[in-house]
Amino acid sequence: MLSTPFVDLPPLQSAGGTVTLPGSKSISNRVLLLSALCQGTTTLHDVLESDDTRVMLTALRTLGCSITQTGNSVTIEGLGSQPTHTQVKLFMGNAGTAIRPLTAALALMGGSYELSGVPRMHERPIGDLVDALRQLGCQIDYTGKDGYPPLHIGQPQLKLDAPIQVRGDVSSQFLTALLMALPLVAKQDIVIDVVGELISRPYIEITLNLLARFGIRIQRDGWQRFTVPANSQYQSPGTLFVEADASSASYFIALGAIATGATASKTIKILGLGADSIQGDIRFIEAAQAMGAKVVSGANWLEVSQGSWPLKAIDLDCNHIPDAAMTLAVMALYAKGTTSLRNIASWRVKETDRIAAMACELRKLGATVVEGADFIQVTPPATASDWKAATIHTYDDHRVAMCFALAAFNPAGLPVRIEDPKCVAKTFPDYFEALFSLVQTEPQHIPVLCVDGPTASGKGTLAAQLASQLGYHLLDSGALYRITALAASQAGLMLDISGEAAIANLAANLEIEFKDDQILLSGVDVTAQIRLEATGMLASQISALPKVREALVALQHSFQRVPGLVADGRDMGTVIFPDATLKVFLTASAEQRAQRRYKQLISKGNAATLDSLRADLEARDARDMSRSASPLKPAQDAKLLDNSDLSVDASVDLVLNWWQSKQPF
Ligand code: DC
């Protein structure tokens, strides 16, 4: 997961490939709760691992549910009709799909519970659900503002004879909450009447469908009256597979429509759900097709490619696809004419006021936007030159972050900055990684920040921190020379000019894998070995051989991948990436560098003396500077940074400021 303050997406040109989507949030949280309310054991596969499901799992555990997790499979021993712990405080984060059904279930079961969340959760209405539950004799008090969490839930005195009324026009989750909880107490038929027009009906269909899988058959009269039949009893289905998230699929369906190109040689294949999905947002496909996407589907997969281009503007009532419709608002940037998305008042009470958020961010990109209480109209920038490079604020709303990433295909070739990319963790923690694995762009669009300088100048530390702050890939080119030296000495090759051809041949065919913090050579962990001073000396020797340097060029270029690269090493700015966006040449006195290396070695329990380290460094500098192949020297356009008296943090901040000054944001 990207957990940087922002991520800069370079201008992207095309996309193609296969993506496996994480499980649906709506289905995951419903079946987690239903499994907990059953008697017996249920195993759920492909459960989404995200902030919202974590909230639900933690709450269920706090209530005494026994839960085991292996990968994306979860096994739950049901509580039956009563939690083991009936006096608990539950923190619900910003998970609407957790707090609403849990409130209903706990209020009917009784006990003493406190439910609270993040500040935004305390601004999201729950009054209509509380009103409905109070009609049943539930004891619920607002401990903050009336109508909103936090809540205190007490012991109910149930009266179930009269039909209960619940409003259906603010959030369908109130009705879902009642439908999932009422079977707990259905000794007799319990009737729910929906007041007002029921919105987001497809989500109610998911609820009914999943309840049926757990043995509860709700009777339905149109969309106004629902009856929970007398003697309803949850029955575990034993095993259940969670479909991939249809709302998450919308970004990749849009990607196929925008970026696979007209030749049909590329497609986006989406695994984990088909067009027959039980999730309402699957109907996003029809909206995307109306805008020009070509979609084919099979059992558990979709395949999307570009149809009409530019996309066609649409005018659509989006009540049935409220979440996925945000993706349409970004697709509208690539359409001819004005796109109108109507009947989306529920956007205003989601993770953020989504109508206001989308309008504000789309305008930053140069679009013309008209917003109303329950609609948004988007007209794209008139020409490529009307697009603007923008910093997209994401309002702690995963969907804002995910859909705006698609703006990086803009015809102006501008980068897009997405703030707080980790907010996607709500439903799709690896969204950006999945996106990056599918997109392509010319190397000249992929930014490179080079950090060059002599040995022990702190390049490695600085480069690693810069990469982690920018969310970029990291190339530790010294490691490649060290690995080559190690492999060559293991192979018994001569490490001077007489072995040049053989070492070069070996270097071109290295089997290297960078796995988290480990470096594997032909499957063997060599992380510690290549860091030894002795290996460094060998690396210095073989790196003077021109053919060896040449053999490593292609491997080094292959690190230049979306979203960007921080490259560390002596010739990064001069030879390997001469067109880099920013080149930094670190300098520090031999004295300082020897001190640093000394501390580093001693702290790792290695023996060292300051004098011999300094002599070694000076010898290595002399060799690196005087050799004919890529001698150690700053690139002409490099910025010099003497970090002798700077802390690592201060150096990082300084370079990040230089970097920022090169950005169009
Ligand atoms: O940065 P380092 O100490 O890990 O580098 C090991 C050796 O590799 C060093 O003596 C110089 C050489 N090297 C090089 O010639 N070119 C690079 N881009 C990186 C390292």
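Preceding this paragraph is the structure being described.
Residues numbered from 1 in each chain as written. Predicted model: local features only at pLDDT ≥ 70, side-chain atom pairs only at ≥ 80, totals over all residues. Heavy atoms only, no water.

J.: Would you mind going over the overall build of the protein chain with me for this structure?
T.: In terms of helices and strands, the protein chain carries 23 helices and 35 strands. Projecting the C-alpha coordinates of the protein chain onto the three principal axes gives extents of approximately 95 × 60 × 45 Å. Counting all 665 residues of the protein chain, 56% fall into the buried class. Element-wise, carbon and sulfur atoms account for 50% of the exposed surface of the protein chain, whose accessible area totals about 25800 Å². For the protein chain, the centre of its 56 positive side-chain charges and the centre of its 66 negative side-chain charges are spaced 1 Å apart. (Helix = DSSP H or I, 4+ residues; strand = E, 2+ residues; numbered from the N terminus. Buried < 20%, exposed > 50% of the residue type's maximum accessible area, 1.4 Å probe, protein only. Areas by Shrake-Rupley, 256 points an atom, 1.4 Å probe, with all protein chains shown as cover. Lys, Arg positive; Asp, Glu negative; His and termini not counted. Charge placed at Lys NZ, Arg CZ, Asp CG, Glu CD.)

J.: What should I look at first to understand unusual backbone geometry in this one?
T.: With the exception of glycine, the majority of residues adopt a negative phi angle, and the majority of peptide bonds are in the trans configuration. For the peptide bond that leads from Pro149 to Pro150, omega is 5°, which places it in the cis range. For the bond from Val562 to Pro563, the omega torsion is 5°, close enough to zero to count as cis. When you line up the elements, Pro563 lands in the loop between helix 19 (553–557) and strand 33 (565–568). Of note in the backbone geometry, Ser200 takes a positive phi value of approximately 45° without being a glycine. Residue placement: Ser200 occurs in the loop between strand 12 (190–195) and helix 6 (201–213). Phi at Asp396 is positive, roughly 55°, even though this residue is not glycine. Relative to the helices and strands, Asp396 resides in the loop between strand 25 (390–392) and helix 11 (398–404).

J.: Would you mind showing me how to read the site of the ligand here?
T.: Taken together, 17 residues lie around the ligand, and Ser477, Arg482, Arg549, Asp571 and Arg627 are the ones closest in. Between the ligand and Ser477 there is a distance of 2.9 Å, counted from a nitrogen atom to a side-chain nitrogen or oxygen. At 3.1 Å, a side-chain N or O of Arg570 approaches an oxygen atom of the ligand. Its free accessible area being 440 Å², the ligand has 96% of it covered by the protein chains. Sorting the residues of the shell around the ligand by element identifies helix 14 (477–490), helix 17 (533–542) and helix 22 (610–626) as the ones contributing at least two each. (Near = heavy atom within 4 Å. Polar contact = N/O pair within 3.5 Å; in protein donor to acceptor, adjacent residues only side chain to side chain.)

J.: Even after reading the chapter, I still don't get the sheet that holds strand 22 (residues 339–342), so can you show me in this structure?
T.: Sheet strands pair by backbone hydrogen bonding; their relative direction is either parallel or antiparallel. One open sheet accounts for four strands, arranged 20-22-24-23; its pairing is mixed. Only two strands of the sheet have a single neighbouring strand rather than two, namely strand 20 (315–317) and strand 23 (368–372). Shown here is a sheet whose adjacent strand axes are inclined to one another by a mean of 10°, direction ignored. The pairing of strand 23 with strand 24 (residues 375–379) spans five bridges and is antiparallel. Looking at strand 24, one finds that Val369 is bridged to Val378. Sitting on the sheet, helix 10 (residues 354–364) is in contact with strand 23 and strand 24, with an inclination near 165° to strand 23. (Pairing = 2+ DSSP bridges. Axes fitted to C-alpha atoms, helices over the stretch in contact; angles between N-to-C directions. Contact = heavy atoms within 4.5 Å.)

J.: Explain the packing of helix 2 (residues 51–62) against helix 3 (residues 96–109) here, please?
T.: A pair of packed helices is captured by two measures, namely the crossing angle of their axes and the spacing between those axes. Running from amino to carboxyl end, helix 2 crosses helix 3 at an angle of 30°, the nearest separation of the two axes being 8 Å. Within the contact between the two elements, helix 2 uses Asp52, Val55, Met56, Ala59 and Leu60 and helix 3 uses Thr97, Ala98 and Leu102. Taken together, the residues of the contact of helix 2 with helix 3 break down into six nonpolar, one polar and one charged. (Nonpolar A, V, L, I, M, F, W, Y, C, P; charged D, E, K, R; others polar.)

J.: Looking at this structure, I do not really get the nonpolar core. What am I missing?
T.: Where a protein is soluble and globular, its nonpolar side chains tend to be buried together. In this structure, Phe252, Leu255 and Leu328 are the most contacted members of the largest nonpolar core, which totals 85 residues. With 10 residues, the top contributor of residues to this core is helix 7 (residues 246–259). With residues near it in sequence (within four places) discarded, Phe252 still touches Val19, Leu21, Ile268, Ile270, Phe428, Tyr431, Ala434, Leu435 and Leu438. (Core = buried A, V, L, I, M, F, W, Y, C linked by side-chain atoms within 4.5 Å.)

J.: Sorry if this is basic, but what is going on with the environment of Tyr472 here?
T.: Assignment of secondary structure puts Tyr472 in the loop between helix 13 (459–470) and strand 29 (473–476). The sequence separation of Tyr472 and Ile344 amounts to 128 residues, and the corresponding C-alpha distance is 37 Å. Once residues within four sequence positions are removed from consideration, Tyr472 is found in contact with Asp8, Pro447, Ala467, Pro563, Gly564, Leu565, Val566 and Trp659.

J.: Where do I start with the pairing of strand 4 (residues 41–45) in this structure?
T.: The side chains of a regular strand alternate, first on one face of the sheet and then on the other. Strand direction decides the pairing type here: strand 4 and strand 6 (residues 73–77), joined by four bridges, are antiparallel. Each residue of the ladder has a partner; that of Thr42, found in strand 6, is Ile76. Taken together, the three bridges between strand 4 and strand 15 (residues 239–241) define a ladder with parallel strand orientation. Bridge pairing in strand 15 links Thr43 to Thr239.

J.: What am I meant to see in the pairing of strand 6 here?
T.: Two strands pair when backbone bridges link them, and strand 5 (residues 66–70) and strand 6 are joined in this way by five bridges, in the antiparallel orientation. Looking across to strand 6, one finds that Ile67 is bridged to Ile76. Adjacent in sequence and paired antiparallel, strand 5 and strand 6 are bridged by two residues, among which Gly71 carries a positive phi angle near 60°.

J.: How should the sheet that holds strand 7 (residues 87–91) be read in this particular structure?
T.: Ordered in space as 7-8-10-9, the four strands form an open sheet in which the pairing is mixed. Each having just a single partner strand, strand 7 and strand 9 (140–142) make up the two edges of the open sheet. The sheet shows a mean angle of 15° between the axes of neighbouring strands, direction not considered. Examined bridge by bridge, strand 9 and strand 10 (residues 151–153) share three bridges and lie antiparallel to one another. In the sheet register, Ile140 faces strand 10, and the bridge partner there is Ile153.

J.: It is not clear to me how helix 13 should be interpreted in this structure. Could you clarify?
T.: Residues spaced three or four apart along an α-helix point in a common direction, a consequence of the helix completing one turn every 3.6 residues. The first and last C-alpha atoms of helix 13 sit 16 Å apart over 12 residues, in line with the 16 Å expected at 1.5 Å per residue. Of all the residues in helix 13, the buried ones are Lys459, Leu462, Ala463, Leu466, Ala467 and Leu470. Burial along helix 13 is one-sided: seen end-on, the buried residues are contained in an arc of 130°. A positive phi of about 70° marks Gly471, the residue just after helix 13. (Expected span 1.5 Å × (residues − 1). Arc of directions from axis to C-beta.)

J.: Honestly, the environment of Val228 in this entry has me stumped. Any pointers?
T.: Turning to its location among the elements, Val228 is positioned in strand 14 (residues 225–228). Overall, Val228 belongs to the buried group, its relative accessible area being 0%. A sequence separation of 193 residues divides Val228 from Ser35, and the C-alpha atoms of the two residues are 18 Å apart. Sequence-distant contacts of Val228, defined by excluding residues within four places in its chain, comprise Leu182, Pro183, Ala186, Gln188, Asp189, Ile190 and Ile218.

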